[in-house]
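Take a look at the letters that make up each chain.
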Amino acid sequence: MTSVDQAEQSAQASSSHMMKTTKRGRPFLKDTLDLFATLIVSLHLTTHKQYFRTFPNSFTTDEAAANLASLKFSQSNRGPDPRDKSRIVTTTTTTTFSMTRDMAKAMCQHFMDARLIENAADLGSNLFKDRGTYVLTPKGLHVLERFISKNGMTSDHLQPVFASQPICIKLLHLERRSADDEIIVTQSVITALFRRFVGRQPNYPTQLSTNPQDAFQEYHERSKGVPLMDVQERAQPLLGKATVMHKHCFAAVSALEWLCDFTSVVGREEAAEMAAQFVRFGLITLVSDKRKNNDSAIIFTVRGSTPGGNSPVSQHGEFRCTAKAIYRITDEGKRLAQWDEASTSPHSSTVNLNHVERSSLESESINGTPKTGIEAADAKIHRRISMAEKLNSSHEAAEKKGNVKSNTDRLKYILEEPSYRALFRDFLKANFCEENLAFWMDVEDFKRKFNTTSSAQAAAPSRSGNKATPGQAAMERHHEALIQTAFQIYNKYLAPSSQNELNIDHGLRLDLANYLGEVMVGLHGKSFDGQVDASQAGSFNATQLQVLIKLYTRIQTHVLRLMAMDSLPKFIKTQRFLDARQWLGEGDAPGDDVQFLTSPPAPPGLGSEETGGAYITVSLKGSEREHRHHHRDIPGSPHVS
């Protein structure tokens, strides 16, 4: 059961409704992901002991059930007052989730089915137990990161989790019908899913070293595609069959686990349906199923129309979910995977190679800030230019003419890509000017939180003397946090003799000082001495904060131009940057955190029916960390602690 409290100045409204469920009895995926992320933000993940072992960053069944009994999610959105554009209006919506212990356990079971959490003491268990200890999966961390980012949430208490555990860098989402939350299956969707499933190259696990792989290495290898093997079928002389070696094979169970871990499918049943679609489309075929006659077998069958002609698509396909079942990728599957094209001769250009490999990714991307962490609908759509084009365009002209605008644009593209941004930060740190980039990033984060700020907490019993609604209380907490962030930035980068004082234009510094002086005199009747303490900052309202943001944005622009003129030309000549471009394929890496693998959906109101699609979301934390690890051990690379 969920209820909504909305507070906008004096106006309040409330409503309640049950969570929507599918015909299989599970909540809709969007609600599942949102509730999961809200729960995790409200928990304090600590170290727990079970079976004489310790599990860091974990939670127990009792902790999850206690928080889900009364869980509040509050979101504040700020915008201009329709009646007075100079004023800012804050609208706060509070959603309360309430459920019994049994309902909470059932909800956590859905989280396990979706591969968002796992049993820390028994990773092979698929059951949420009454007395268990649980940790987040890499997929769960991916969903959590996007939810926190899109909703402007404070997540300092979760940073140790992001820093110490693997994160799913690219998660493939399959669009669903709004009526029943079933995946919309089309040929383009199955094509996108299959290419992600098999990877750009056959993924044969390598065991070149005797040392066991750590969790990060093991997960990185799995992310390349379903693990493959070669299977030898013994000769049967009585039947006239010779020995046959089947290449590019995989276990049925491995396929189900991979689909659950790296896509938005919920549970093994849905994963088996997608695998059955691979069979139906002629992309995989059964090699053997050597289970004993008395062993039970679960077989999923899907049906659909055939396109006719010479198409390999059949009317139905079945997938056997047994421990002994082995499947292989067919010639049609290899053709669709584009493995042959990906292994072009070394004489071909890198740009052309990447065009072939990434043909399914060269489509539109999303730009916008949805209200939920993973929702891609209602967003503005624009054409994505490859990173190589962005970095290379007008480069020679910029060098000859000193075109600052082009360098500024190129710097923006570098800051969009996590790997380049991490290298650029290391470069600035080595040259003792890291504060410029740090200020730019802190202000970007502050602006996002000003527009939308959210919090999640387990609700304490209300006291009879407290008349404030949950929405009003959350709005006050959000505003206090914003004020604190605004003046942390000022005291860190802009106050006289501050810790990381920026070298900025005198006119900008004077405008900022004059505005703060004017506000301080109006609020406290005291002149401004260049420093802001907590007691003075607490009186700022939302409109005054917005003016402060505009001043910060002007300084941001100035700092960006400085980095573009002074630091960028040196940075792009470093060996680490050149190595990064080579590793990413001449810089042709996605600058957006959402990539469409199929045609983007029609704008709302224009599509008469839901056509379905697939898109990938990218974890910025995971991507940046992976690129850091890749370049850390490059010979001759500067190391910055």
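Structure first, text after, so check above.
Here is what the cut-offs are and how they apply
Residues numbered from 1 in each chain as written. Predicted model: local features only at pLDDT ≥ 70, side-chain atom pairs only at ≥ 80, totals over all residues. Heavy atoms only, no water. Helix = DSSP H or I, 4+ residues; strand = E, 2+ residues; numbered from the N terminus. Buried < 20%, exposed > 50% of the residue type's maximum accessible area, 1.4 Å probe, protein only. Contact = heavy atoms within 4.5 Å. Areas by Shrake-Rupley, 256 points an atom, 1.4 Å probe, with all protein chains shown as cover. Pairing = 2+ DSSP bridges. Axes fitted to C-alpha atoms, helices over the stretch in contact; angles between N-to-C directions. Parallel < 35°, antiparallel > 145°, perpendicular 65-115°, else oblique. Nonpolar A, V, L, I, M, F, W, Y, C, P; charged D, E, K, R; others polar. Salt bridge = Lys/Arg side-chain N within 4 Å of Asp/Glu carboxyl O. Core = buried A, V, L, I, M, F, W, Y, C linked by side-chain atoms within 4.5 Å. Phe/Tyr/Trp six-rings, centres within 6.5 Å; stacked < 30°, edge-to-face > 60°. Expected span 1.5 Å × (residues − 1).

Draft legend 1. Structural detail: the overall build of the protein chain. Within the protein chain, the secondary structure is distributed over 23 helices and 20 strands. For the protein chain, the residues scored as buried account for 49% of the 641 residues in total. Long-range pairs, those at least 24 residues apart, make up 71% of the contacts in the protein chain between residues at least 6 apart in sequence. Put simply, the protein chain shows about 32000 Å² of open surface, and 50% of that area lies on carbon and sulfur atoms.

Draft legend 2. Structural context of the pairing of strand E11 (residues 244-251). In this structure, strand E10 (residues 229-233) lies alongside E11, joined through four bridges in antiparallel fashion. Following the sheet pairing, Glu233 is matched in E11 by Val244. Pairing between E11 and strand E15 (residues 325-329): three bridges, direction antiparallel. Residue pairing across strands places Ala251 opposite Ile326, the latter belonging to E15.

Draft legend 3. A look at the packing of helix H7 (residues 215-223) against helix H8 (residues 252-262). Close contact between H7 and H8 brings their axes to 11 Å; oriented N to C, the two are set at 100 degrees. The orientation of H7 with respect to H8, classified from their angle, is roughly perpendicular. Across from Tyr219, Arg222 and Ser223 in H7, the residues of H8 making contact are Glu257, Trp258, Asp261 and Phe262. Its residues assigned to classes, the contact of H7 with H8 comprises three nonpolar, one polar and three charged.

Draft legend 4. A look at the sheet that holds strand E3 (residues 46-50). Strand order in the open sheet formed by four strands is E3-E4-E8-E7, with antiparallel pairing between adjacent strands. A single partner strand is all that each edge strand has here, and the edge strands are E3 and strand E7 (117-119). Along the sheet, successive strands turn relative to each other by an average axial angle of 55 degrees, direction set aside. With respect to the sheet, helix H2 (residues 61-68) is in contact with E3, strand E4 (53-60) and strand E8 (133-136), its orientation differing from that of E4 by roughly 10 degrees.

Draft legend 5. Examining the pattern of salt bridges more closely. Under the criterion given, the structure shown has 27 salt bridges. Glu221 is the partner of Lys224 in a salt bridge, and the nearest nitrogen-oxygen pair spans 3.3 Å. Lys224 sits in the partly exposed class, given a relative accessible area of 38%. Here Asp331 ties to Lys334 by a salt bridge, and the two come within 3.9 Å at their closest N and O atoms.

Draft legend 6. Main features of the nonpolar core. By size, the foremost hydrophobic cluster in this structure holds 89 residues, and its most contacted members are Leu136, Leu144, Phe194, Phe197 and Phe319. With eight residues, helix H1 (residues 29-42) is the largest single contributor of residues to this core. Residues in contact with Phe197, not counting those within four places in the same chain, are Gly225, Val226, Phe250, Ala255, Trp258, Leu259 and Phe278. Residues Ala495, Tyr515, Leu516 and Phe571 belong to the second largest nonpolar core, which totals 52 residues.

Draft legend 7. Representation of the packing of aromatic side chains within the structure. Overall, the coordinates contain 19 aromatic pairs when judged by the stated rule. Residues Phe194 and Phe197 carry aromatic rings whose centres are separated by 6.4 Å and whose planes lie at 35 degrees to one another, so their mutual orientation is tilted. With Phe194 and Phe197 both in helix H6 (residues 187-198), this residue pair falls three residues apart, about one helical turn. Phe197 carries the same exposure label as Phe194, and that label is buried. Relative to Phe250, the ring of Phe197 has its centre 5.5 Å away and its plane inclined at 80 degrees; by these criteria the two rings are edge-to-face.

Draft legend 8. Structural view of helix H4 (residues 138-150). With 13 residues, H4 extends 19 Å between its outermost C-alpha atoms, agreeing within 8% with the 18 Å of an ideal straight helix rising 1.5 Å per residue. Counting buried positions along H4 gives twelve out of 13 residues, so the element sits mostly inside the fold. All of the buried residues along H4 are Pro138, Lys139, Gly140, Leu141, His142, Val143, Leu144, Glu145, Arg146, Phe147, Ile148 and Lys150. Gly152 sits one or two positions beyond H4 and adopts a positive phi of about 60 degrees.

Draft legend 9. Summary view of the environment of Tyr490. Here Tyr490 lies in helix H18 (residues 470-494). A relative accessible area of 4% places Tyr490 in the buried class. Taking the C-alpha atoms as reference, Tyr490 lies 9.9 Å from Leu548; in sequence the two are 58 residues apart.

Draft legend 10. Just the sheet that holds E11, in detail. In space, the four strands of this open sheet follow the order E10-E11-E15-E12, with antiparallel pairing throughout. Each edge of the open sheet is held by one strand with a lone partner, namely E10 and strand E12 (284-289). For this sheet the average axis-to-axis angle between neighbouring strands, irrespective of direction, equals 50 degrees.

Draft legend 11. Seen up close, the side chain of Ser288. Its location among the elements puts Ser288 in strand E12. You can call Ser288 buried: its relative accessible area is 18%. Here Ser288 is in contact with Lys324, Ala325 and Ile326, once residues within four sequence places are set aside.

Draft legend 12. Examining the packing of H8 against helix H9 (residues 267-280) more closely. Running from N to C, H8 and H9 cross one another at 110 degrees; their axes reach a closest spacing of 9 Å. Our classification of the angle between H8 and H9 gives roughly perpendicular. Residues Val253, Leu256, Glu257, Leu259 and Cys260 of H8 pack against Gly267, Arg268, Ala271, Ala272, Met274 and Ala275 of H9. In the contact of H8 with H9, the residues fall into eight nonpolar, one polar and two charged.

Draft legend 13. The environment of Trp440, seen in detail. Looking at the secondary structure, you find Trp440 in helix H17 (residues 434-451). For Trp440, a relative accessible area of 16% translates into the label buried. Counting along the chain gives 119 residues from Trp440 to Val559, while the straight-line C-alpha distance between them is 7.4 Å. In this structure Trp440 touches Leu415, Gln556 and Leu560, once residues within four positions along its chain are discounted.

Draft legend 14. Summary view of helix H16 (residues 418-430). A rise of 1.5 Å per residue sets the reference length of H16, with its 13 residues, at 18 Å; its end C-alpha atoms lie 18 Å apart and thus fit the reference within 8%. H16 sits mainly inside the fold: eleven of its 13 residues count as buried. When H16 is considered as a whole, its buried residues turn out to be Pro418, Ser419, Tyr420, Arg421, Ala422, Leu423, Phe424, Arg425, Asp426, Phe427 and Leu428. Positive phi shows up at Phe432, right after H16, with a value of about 60 degrees.

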